[in-house]
Amino acid sequence: MDTLQSVVARSKGKEVNNQQHDGGAVGLPAVSAADGTARAPTKLNPLAKEWFPWQERTPEKDRSLFVTFSNGYPLSDFQIWQFFTIMYGECVEKVEVIWPEIRRRGRGRGRASALFGKVVFNNSCLPPFILRNKDHAKFWVHGRPLWCKKFLPH
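Residues numbered from 1 in each chain as written. Predicted model: local features only at pLDDT ≥ 70, side-chain atom pairs only at ≥ 80, totals over all residues. Heavy atoms only, no water.

A. Focus on the environment of Tyr88. Inspection of the secondary structure assignment puts Tyr88 in helix α2 (residues 77-88). Each residue touching Tyr88, except ones within four places of it in the same chain, is listed here: Phe129, Ile130 and Phe139. (Helix = DSSP H or I, 4+ residues; strand = E, 2+ residues; numbered from the N terminus. Contact = heavy atoms within 4.5 Å.)

See below:
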C-alpha cells in the first residue's frame with residue numbers, strides 16, 4: 001500500500017526512497033497529511049506541551065537592567081526609553097526612575113535628584129546583549145552619563 005509521501009513523490013517525478021534518516025525519508029520532503037504540502041523534516045516532539053509566549057514570559061528580573069545616573073544629572077523615563085528605542089528598536093517594556101521625596105525643615109516636601117532606575121525589556125536576551133556580556137556598560141544620553149548593570153533583586 002502506498003503512503004502519502006510515495007504518492008506525492010511520484011506525482012512530482014521523484015524517486016521514492018523508503019529508508020529513514022534523522023526522522024524523515026532520505027531524498028523526500030516530509031509531507032503533511034492534512035494538506036499535502038512539503039515541509040522540512042523535524043526532530044520536535046509532537047507530544048510536547050504547546051508554548052504561549054505571551055502567557056509564559058521570562059520573569060521580569062531576567063529582562064531588566066539597573067541604571068544609575070551621576071548626582072545632579074538625572075534622566076527622565078522618556079529620555080531612557082527614547083535612547084534604548086533609537087539604539088535597539090522597540091525593545092523596552094517599561095522604565096522606572098525613582099525620584100525620592102525629601103523633607104525640608106518648615107517648607108514641606110520637595111524632590112531630590114534621581115540617582116537610579118530600572119529598565120524592563122521585552123526579551124531576556126537584550127540585557128546581556130546591551131552589556132556585551134560584561135558586568136556594566138556606560139552610555140551618554142543627552143550629554144549625561146548612564147551606567148547600566150544586570151538587575152539583581154534582593
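This is not the end of the story, as more comes after the structure.
B. Here's a closer look at the state of the cysteines. Counted under the stated rule, the structure contains 0 disulfides. Summary of cysteine pairing: Cys91 is not part of a disulfide, and the nearest cysteine sulfur, belonging to Cys125, is at 9.7 Å. In this structure Cys91 comes out as buried when scored by relative accessible area, which is 3%. (Disulfide = S-S within 2.5 Å. Buried < 20%, exposed > 50% of the residue type's maximum accessible area, 1.4 Å probe, protein only.)

C. Expanded view of the sheet that holds strand β6 (residues 92-98). One open sheet holds the 5 strands; their spatial order is β6-β9-β5-β11-β10, and the pairing between them is antiparallel. Of all strands in the sheet, those bounded by a partner on one side alone are β6 and β10 (136-141). Here the average twist between neighbouring strands, direction ignored, is 25°. α2 contacts β5 (64-69), β6, β9 (116-121), β10 and β11 (144-150) of the sheet and is inclined by roughly 145° relative to β6. (Pairing = 2+ DSSP bridges. Axes fitted to C-alpha atoms, helices over the stretch in contact; angles between N-to-C directions.)

D. Up close: α2. The terminal C-alpha atoms of α2 lie 16 Å apart, and with 12 residues this matches the ideal 16 Å at 1.5 Å per residue to within 8%. Where α2 is concerned, the buried positions are Gln79, Ile80, Phe83, Phe84 and Thr85. Downstream of α2 by a residue or two, Gly89 has a phi angle that is positive, lying close to 85°. (Expected span 1.5 Å × (residues − 1).)

E. Just the pairing of β9, in detail. Most of β9 is tucked away: 5 of the 6 residues are buried. With 5 bridges connecting them, β5 and β9 associate as antiparallel partners. The residue of β9 that forms the bridge with Val67 is Gly117. Across 6 bridges, β6 lies against β9 in antiparallel orientation. Each bridged residue has a counterpart across the sheet, and for Ile98 the counterpart in β9 is Phe116.

F. Representation of the environment of Thr85 within the structure. As for its position among the elements, Thr85 is in helix α2. A polar contact is formed between the side chain of Thr85 and the backbone oxygen of Trp81, at a distance of 2.8 Å. (Polar contact = N/O pair within 3.5 Å; in protein donor to acceptor, adjacent residues only side chain to side chain.)

G. Quick peek at the packing of aromatic side chains. By the definition in use, this model includes 8 aromatic pairs. Taking the ring centre of Phe151 as reference, the NZ or CZ of Lys118 above it sits at 4.7 Å. (Phe/Tyr/Trp six-rings, centres within 6.5 Å; stacked < 30°, edge-to-face > 60°. Lys NZ or Arg CZ within 6 Å of the ring centre and 35° of its normal.)

H. Summary view of the confidence of the model for the protein chain. Residues with a pLDDT of 70 or more make up 69% of the protein chain, whose mean pLDDT is 79. Of the regions scoring below 50 in pLDDT, residues 14-26 engages in 20 contacts with residues more than four places distant in sequence or in other chains. (pLDDT = per-residue confidence, 0-100.)

I. Looking closely at a nonpolar patch on the surface. A cluster of nonpolar side chains, Ile98, Leu115 and Phe116, forms an exposed patch at the surface whose accessible area comes to about 240 Å². Residue placement: Leu115 occurs in the loop between β8 (108-111) and β9. (Patch = residues over 30% accessible without salt bridge, like charges linked within 9 Å, V, L, I, M, F, W, Y side chains within 5 Å. Areas by Shrake-Rupley, 256 points an atom, 1.4 Å probe, with all protein chains shown as cover. Salt bridge = Lys/Arg side-chain N within 4 Å of Asp/Glu carboxyl O.)

J. Expanded view of the side chain of Arg63. Here Arg63 shows up in the loop between β4 (38-39) and β5. Of the polar contacts made by the side chain of Arg63, one reaches the backbone oxygen of Thr58; its length is 2.9 Å. Within the structure, Arg63 has its side chain in polar contact with the side chain of Glu93 (distance 2.7 Å). Residues in contact with Arg63, not counting those within four places in the same chain, are Arg57, Thr58, Glu93, Val119, Val120, Phe121, Asn122, Asn123, Ser124, Pro127 and Lys150.

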